[in-house]
Amino acid sequence: MGVWLISAMDRMEDMPTTMIRQLAAPDAAAFSALRREVTADDPVPMGLTLEEELTRPLGGFREQLSFPEPNAAFGAFIGSELVGTAAIAWTSKFASSRHKVTLWGTFVSPRYRRRGLARALVARAIARARANGVRRINLTVFLPNEPALQLYQSLGFVVCGAEPEAVRIGDTYHDGQFMSLLLNAD
Ligand SMILES: CC(C)(COP(=O)(O)OP(=O)(O)OC[C@H]1O[C@@H](n2cnc3c(N)ncnc32)[C@H](O)[C@@H]1OP(=O)(O)O)[C@@H](O)C(=O)NCCC(=O)NCCS
């Protein structure tokens, strides 16, 4: 399980010991706490309400973080605190779908945004996919979410469709914007 120290190039020279590593089952409580903080700040990007998030048991997160390799969730830590994540998962064990992965779980604590954490985390997830011969990475952004759209576009993802009214938060329906990154056209 590799550990990356984030370089000053990522604009985090002001942050103490920022580090990215792969998450595992023992990180479930920290993962849940971060999800709750991000959802409390704004539920729309997470695609569910805070009340729904609060019902999710730690066991489910333990399982999610124990997905077999090469599936992986990466976490950014400031000191010992988990403050951001990004993950990739293969959607099927069958060869017919092994060329693609889903990017999920990209979020950063509102206390640590605009410091390059999401960019570094997603880059780490893309590197994992690339190292495993993945052709395409797909994801969904619940709208509106300009920060996420900008982040993914800056990394080469393009819009490739949408699900109308993908989620309902309170009385408002939000579309799901599909985005895709072609890593390897061969
Ligand atoms: C989207 C999110 C993950 C970005 O995290 P972050 O660590 O602040 O992002 P970074 O600092 O790495 O920024 C990388 C790029 O994202 C884009 N971006 C990030 N925040 C932005 C904002 N508020 N407005 C516009 N673009 C933004 C920019 O292109 C930025 O590059 P730049 O700083 O060189 O301009 C964060 O805002 C978040 O957690 N939002 C709530 C959850 C969410 O939306 N997750 C995505 C679900 S698909």
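Refer to the preceding data block for the structure.
Treat the numbers as computed from the prediction; the structure is a model and nothing was measured.

Trainee: So what's going on with the overall build of the protein chain? Residues and values would help.
Mentor: In terms of helices and strands, the protein chain carries five helices and eight strands. Mapped from its N terminus to its C terminus, the protein chain presents α and β elements in the order β-β-α-α-α-β-β-β-α-β-α-β-β. Relative to its length of 186 residues, the protein chain is compact, with a C-alpha radius of gyration of 16 Å against a globular reference of 16 Å. Judged by the C-alpha coordinates and their principal axes, the protein chain covers about 45 × 40 × 30 Å. Per-residue burial for the protein chain yields a buried fraction of 32% across its 186 residues. Counting only contacts in the protein chain whose residues sit at least 6 apart along the sequence, the fraction spanning at least 24 positions is 62%.

Trainee: Give a detailed account of the environment of L182, specifying residues and quantitative values.
Mentor: Topologically, L182 is positioned in strand β8 (residues 172-182). If we skip the residues at most four places from it in the chain, L182 touches R135 and R136.

Trainee: Can you explain the site of the ligand? Please cite residues and give values.
Mentor: Lining the immediate surroundings of the ligand are 20 residues, of which P45, R113, A118, P147 and L151 lie closest. Of all the elements, helix α5 (residues 146-154) adds the most residues to the shell around the ligand, at six residues. Classifying every residue of the shell around the ligand by side-chain character gives 10 nonpolar, five polar and five charged.

Trainee: Before we move on, can you summarise the pairing of strand β5 (residues 100-108) with the specific residues and values?
Mentor: Bridging between strand β4 (residues 81-90) and β5 involves six bridges; their strand directions are antiparallel. Along β5, the bridge assignment pairs A89 with T102. In the sheet, β5 pairs with strand β6 (residues 136-142) via three bridges, with the strands oriented parallel. Counterpart to V101 in the pairing with β6 is I137. Crossover connection from β5 via helix α4 (residues 117-131) to parallel β6: handedness right-handed.

Trainee: Report on unusual backbone geometry, specifying residues and quantitative values.
Mentor: In this structure, P70 follows E69 across a cis peptide bond, with omega equal to 5 degrees. Within the fold, P70 resides in the loop between α3 (58-64) and β3 (72-78). We note that R114 has phi near 60 degrees; this positive angle belongs to a residue other than glycine. Here R114 shows up in the loop between β5 and α4.

Trainee: So what about the nonpolar core? Which residues, and what values?
Mentor: One finds F74, A86, L103, L121, A125 and I137 to be the most contacted residues of the largest nonpolar core, which totals 40 residues. The set of elements that each furnish at least two residues to this core consists of α1 (28-41), β3, β4, β5, α4, β6, α5 and β8. Looking at this core element by element, the count peaks at eight residues for α4. Discounting residues that sit within four places of it in the chain, L103 has contacts with A86, I88, V122, A125, I137 and L139.

Trainee: Could you give an account of α4, naming the residues involved and the relevant values?
Mentor: Its 15 residues give α4 an end-to-end C-alpha distance of 21 Å, which sits within 8% of 21 Å, the value for a rise of 1.5 Å per residue. Buried within α4 we find L117, A118, A120, L121, V122, R124, A125, I126, R128 and A129. Remark: G133 follows α4 within two positions and exhibits a positive phi of approximately 75 degrees.

What counts, and where the lines are drawn
Residues numbered from 1 in each chain as written. Predicted model: local features only at pLDDT ≥ 70, side-chain atom pairs only at ≥ 80, totals over all residues. Helix = DSSP H or I, 4+ residues; strand = E, 2+ residues; numbered from the N terminus. Rg over C-alpha atoms; globule rule 2.2 N^0.38 Å. Buried ≥ 20, exposed ≤ 12 C-beta atoms within 10 Å, placed from the backbone. Contact = placed C-beta atoms within 7 Å. Near = placed C-beta within 6 Å. Nonpolar A, V, L, I, M, F, W, Y, C, P; charged D, E, K, R; others polar. Pairing = 2+ DSSP bridges. Right-handed = clockwise from strand over helix to strand, strands pointing away. Core = buried A, V, L, I, M, F, W, Y, C linked by C-beta atoms within 7 Å. Expected span 1.5 Å × (residues − 1).

Everything listed is a geometric property; what it means functionally is a separate question.
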